[in-house]
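Spelled out from the first residue to the last, the chains are:
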Amino acid sequence: METYADWLRARGDDELRALLSARPELLAPVPADLTALAARAATPAAVSRALDRLDRFTLAVLEALLVLPAPEPDALATALGATPAQIERALGTLRRHGLAWGDGTPATAPGVRQALPHPAGLGPPAQEVFAGYPVERLTDLIIDLEGAAPRGFPDSTRLLRRLAELLADPAALIDDAGPEARAALDQLAWGPPVGRVADARRPVRTGTAATPIERLLARGLLAAEDDRTVTLPREVALHLRGDRLFRDVPAEPPQLPAAAREPRGEDVVVRAAAGEAQGAVRLIEELLERWGLEPPPVLRSGGLAVRDLRAAATLLDVPEWKAALLVEVAYAAGLLTRSGDLDGEWLPTPAYDLWLMRDTAGRWTELARGWLKSDRAAGLAGERDDRDRLINALSEAMVRSGAPALRREILEVLTDADRGAVVDEGSLHARLGWLRPRRGGPTRDRMIGWTLREAAVLGLTGFGELVPFARDLLAGDDPEPALEKYLPDPVDQIVIQADLTAIAPGPLVTDLARELALTADVESTGGATVYRFTPESIRRALDAGRSAADITGLLTRHSATPLPQPLGYLIDDVARRHGHLRVGALSSYVRTDSPATLDEILADRRAGPLRLYRLAPTVLASGLQRADLLDGLRAMGLAPVAEAPGGGVIVTRPDAQRADPPPTAEIVRLRPDSRTDASMISAAVRALRAGDEAALHGAEHARQTPSGEPPRSPAMATIERLRAAVDRGGRVWIGYLDQQGQASSRIVEPVRVEGGFLTGYDATRAAVHRFALHRITGVSELDDDSAS
C-alpha cells in the first residue's frame, strides 16, 4: 500500500521544489531523505504553519476531505456549492502544499486530522463520540430510544452501530426533546460542537430527565465526553444544518472597492508618495544627526524613555506615533543601535555614515526594506502590555513575530486593487479574513490600520494607492529607478535673506545639509526648508570646531545672493566672544613642590607619550588614566605615588587590577524572509534525491569521491571562483580542513557566498552543507563528466 512518503518520492523535481517553496520551514535543516521530509511535514508545528497559509475556501475543501465518507471531486463540489474547476484548483493547492495526497481520490496528509479536531465545526460521528460509554449505559440509551432491550449478548461495537443508525435521522428525537432543548442544539450546530455543563456524566433516562440538557443526554443527542464537557454528534449536527457542511464559504475572495469615478492622475499619486518618501528620509537623517551629538540613554529595561520620544517628536515637529515609527525604522534598517549593555546610549551606527553617502532613492530603499522585514510593531509604542506595563519604543515588548508576514500580506492586497481605488480598513479586514482565516485576532485587526498609516508616512502609498516603486519593492526588484524619476535633484545653493534666514529651495546635498543644520536652526519645512541663524546656532558651529572664516566661507560659496551684512555682524560678534573662558577635563595629574622637577620631565623625550601639559608651575595634567601615568613615570626612573582627592597617598597592592568592559553593539534583528531562493531549494531537492539513493543502495554508492590531492589557491582567488560558480551554476572541487586540520576533497554546487560561509550542495556527502571560507584550501573548476 502506498504511503505518504512513497507519494512524495514519486513526485517530480518541479513538484518537490513547489512543495519546499510553499513550506520553507521544512528546509531548516535539510532532511536526510524523502522519508525524513514526510515525517517532518507531518509534525504538528509544520502542519499548523501550512494550514495558516490556506485561504478560507481551500481550508474548507480540506475539512470536507476529513468529513465526507467518499470525498470525490463531484461530492466536494456538491457539498461546498462550488464548480468542479474551483474544487480542482483547491485540491491542486492542497497537493502542492503536501496537505492532500494521492493520485485518485485525495486523502489528507498525516497530522492534518489531529490539527483540525472539529473539521467544518462538526464533532465526531456517533460511534466515536459514544465509544467511551460503558455497555450498561449504551444499553439503557438504546432501550429509551427503541422502547425495548436489544437482542443478543450486549456487545459495545454492535450497540454503537445501532445507536448510529438511530441517530441517522434524529428529527423525531429532537421534536420529542422540546423547544428549549432544540435551542441548545442550535447553539452548537455550526460549531464548535462542544459545550460545558456541570456533572455531564450523571445517569439520566428519558423518564427522569428534567432539564433540557438532561433530555438531550437521555436521547443521545448530546454525548458526555467527561464530567464537564458534552459534544454534539456529527449526525445530529448535519441534520440541524440541513445536510450542509458550511453556512457560506465563497470560492473567490471578497471584492475590493471599485475605482472612483474621477480617479486622481497616476502622476499626482506617485508624486505625493515620493514627497512622503523624501520627507521620511529627511526626518530620520535629522533625528540621527541630533542623536549623534546628544544621544538619549537606554532604559534599564531596554528601549527609549517616553520623555526622549517626546523630545524627538518635538524636534521633528511630528506626532509621537510618527516619531516612534521613524525611530523603529532607523533601528530596523541598522542605522541605530545601543552603545552598551548597561548605561548605554542610542547612537547611529557606522552604517549610518555609509547610508548618508547614497542618494535619496537609495536611502529610502534601505529604510523601506528594513520596515518591511522588521518583526517590530511601531504602533505599540506608548501602550500597555498584559501586565499593565508601559511599552517603550525600541524595547523588546515591541516584537511581534507575525508582523513581517502580515505587513506584506496587507500590501499585497493593495496590489490587487484597481487603479484609482482606495482600499479601506474594512475591505482589507474582509479580504484578509478570506485569505488567511486562521491568522485572525485583535493583533491583525490593529496591524491593518498601523500598516496603512505607516505605508503612507514612508511613501509606499499615495492617497491610499500603492505606487509603482512600492510594487517593485514587494516583488523583490530594485525600486530606485522608479522613485528617482519623481524626486527633485539635490541643490547646493540657498537664498540667504537680511532677516537672518536662509531658504533651501529643495533637498540639499548631504555635506551642505549637515553643515547648515549645524550652523542654523530649522524654522519650517515643506516644499522649501527655512533655516534661521541665531547666536546659539552660530555658537554651536564654533563649538564643533568651525571658525568664523569657515562659516562665512561656507555661506558665501553656497548662497545665491550676497551675504547680508547683519549675518556677517552676527558671526563676527559671536566669534569674538567665543572661547574667552575654557573648561576642560583631565584624567590624571602630576603635582610636586619643585617646579624644576617638572621642567626635567617635560624636557625628557620619553615623556612624549604621557601627553603632559602644564597647568601651573607645580602641576602637570595628562589625558592618561592614573595607572598608565604612574607606569610611564616609573619607566622614566622616577618614583611617583598615587594621590587621593583629599591629598593623601593611596596604598595599592601589585595584584589589584581593574578593567572597563568593552562596549558592545547590538545587531538589528530582522525576521528571516519566508521566501527561500530557488537555488537553495534546487540544492535541497538534489540532496533529498541523493539521500534516498543512499538509503536504498547504501551511502557509498551515492558518495562521489574526487581523486588526487585537494586543490589549493590564494584566498581572494578562492572567493572569486566560488562567486563565479554561484553565478554560473556549475560544480567546483574544493579542499576543506576539518577541526583537526586534516584536508579532504569535496565536490560542491555553490548556492551562495556570504557572511564568511559557502552554502551549497555537497555531492560528496549527499547533503546541503555550510563551509567556513577560512577552512577552504582552494578551488578547482570541475566539469560534470569529471564529477561523476
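Residues numbered from 1 in each chain as written. Predicted model: local features only at pLDDT ≥ 70, side-chain atom pairs only at ≥ 80, totals over all residues. Heavy atoms only, no water.

Regular strands show a simple pattern: their side chains alternate between the two faces of the sheet. In this structure, strand E10 (residues 495-496) lies alongside strand E11 (residues 501-504), joined through two bridges in antiparallel fashion. Looking at E11, one finds that Val-495 is bridged to Ile-503. The antiparallel hairpin formed by E10 and E11 contains four residues in its connecting segment, where Leu-500 sits at a positive phi of about 65°. (Pairing = 2+ DSSP bridges. Helix = DSSP H or I, 4+ residues; strand = E, 2+ residues; numbered from the N terminus.)

In the contact formed by helix H17 (residues 306-316) and helix H18 (residues 320-332), the axes pass within 9 Å of each other and the chain directions differ by 100°. If you check the angle between H17 and H18, you find them roughly perpendicular. Residues Leu-309, Arg-310, Ala-312, Ala-313 and Leu-316 of H17 form the contact with H18, whose own contacting residues are Glu-320, Ala-323, Ala-324 and Leu-326. Among the residues forming the contact of H17 with H18, the class breakdown is seven nonpolar, no polar and two charged. (Axes fitted to C-alpha atoms, helices over the stretch in contact; angles between N-to-C directions. Parallel < 35°, antiparallel > 145°, perpendicular 65-115°, else oblique. Contact = heavy atoms within 4.5 Å. Nonpolar A, V, L, I, M, F, W, Y, C, P; charged D, E, K, R; others polar.)

Here we take up the packing of aromatic side chains. This structure, assessed with the given rule, holds seven aromatic pairs. Taking the centre distance of 5.1 Å and the plane angle of 80° together, the rings of Phe-130 and Tyr-133 count as edge-to-face. Neither residue differs from the other here; Phe-130 and Tyr-133 are each classed as buried. Following the ring pairs from residue to residue traces out a cluster consisting of Tyr-4, Trp-7 and Trp-101. In this structure, Arg-453 is placed above the aromatic ring of Trp-321, and the distance from its NZ or CZ to the ring centre is 4.0 Å. Cation over ring: Arg-770 sits above Phe-757, and NZ or CZ is 4.2 Å from the ring centre. (Phe/Tyr/Trp six-rings, centres within 6.5 Å; stacked < 30°, edge-to-face > 60°. Buried < 20%, exposed > 50% of the residue type's maximum accessible area, 1.4 Å probe, protein only. Lys NZ or Arg CZ within 6 Å of the ring centre and 35° of its normal.)

Here the focus is the environment of Asp-386. The residue Asp-386 is located in the loop between helix H20 (360-373) and helix H21 (403-415) in this model. Judged by relative accessible area, Asp-386 falls into the exposed class, the value being 86%.

So, on to the side chain of Asp-52. Within the secondary structure, Asp-52 is located in helix H4 (residues 44-52). For Asp-52, a relative accessible area of 17% translates into the label buried.

Counting 90 residues, the largest nonpolar core has Leu-20, Phe-57, Val-61, Leu-62, Leu-94, Phe-130 and Leu-221 as the members making the most contacts within it. Residues contacting Leu-62, with those up to four places away along its chain left out, are Leu-51, Leu-54, Leu-94, Leu-99, Thr-108, Val-112 and Leu-116. Judged by nonpolar contacts, the second largest core, of 76 residues, contains Val-269, Ala-377, Val-457 and Leu-473. (Core = buried A, V, L, I, M, F, W, Y, C linked by side-chain atoms within 4.5 Å.)

A few words now on H20. Over its 14 residues, H20 runs 20 Å from end to end, which matches the ideal 20 Å to within 8%, given 1.5 Å per residue. The buried fraction of H20 is high, at 10 of 14 residues. All of the buried residues along H20 are Ala-361, Gly-362, Arg-363, Trp-364, Thr-365, Leu-367, Ala-368, Gly-370, Trp-371 and Leu-372. (Expected span 1.5 Å × (residues − 1).)

A surface patch of nonpolar side chains, amounting to about 380 Å² of accessible area, comprises Leu-586, Tyr-589, Tyr-613 and Leu-615. Mapped onto the elements of the fold, Leu-615 is located in strand E15 (residues 612-616). (Patch = residues over 30% accessible without salt bridge, like charges linked within 9 Å, V, L, I, M, F, W, Y side chains within 5 Å. Areas by Shrake-Rupley, 256 points an atom, 1.4 Å probe, with all protein chains shown as cover. Salt bridge = Lys/Arg side-chain N within 4 Å of Asp/Glu carboxyl O.)

What follows concerns the pattern of salt bridges. The tally for this structure, following the rule as stated, stands at 43 salt bridges. Between Arg-614 and Asp-599 there is a salt bridge, with its nearest N and O atoms 2.5 Å apart. Of this pair, Arg-614 sits in strand E15 while Asp-599 is found in helix H30 (residues 595-603), placing the two residues 15 residues apart along the sequence. The partner of Asp-604 in a salt bridge is Arg-606, and the shortest N-O contact between them spans 2.9 Å. Bridged by salt links that share partners, the residues Arg-11, Glu-15 and Asp-103 form one connected network.

Now for the pairing of strand E17 (residues 731-737). Most of E17 sits out of view: six of its seven residues are buried. Bridge count between E17 and strand E21 (residues 776-782): six bridges; the pairing is antiparallel. In the strand pairing of E21, Gly-735 is matched with Gly-778. In this sheet, strand E18 (residues 743-754) lies alongside E17 in antiparallel orientation, the contact comprising six bridges. Counterpart to Trp-733 in the pairing with E18 is Ile-747. Here E17 folds back onto E18 in antiparallel fashion, the turn holding five residues, of which Gly-741 has a positive phi close to 85°.

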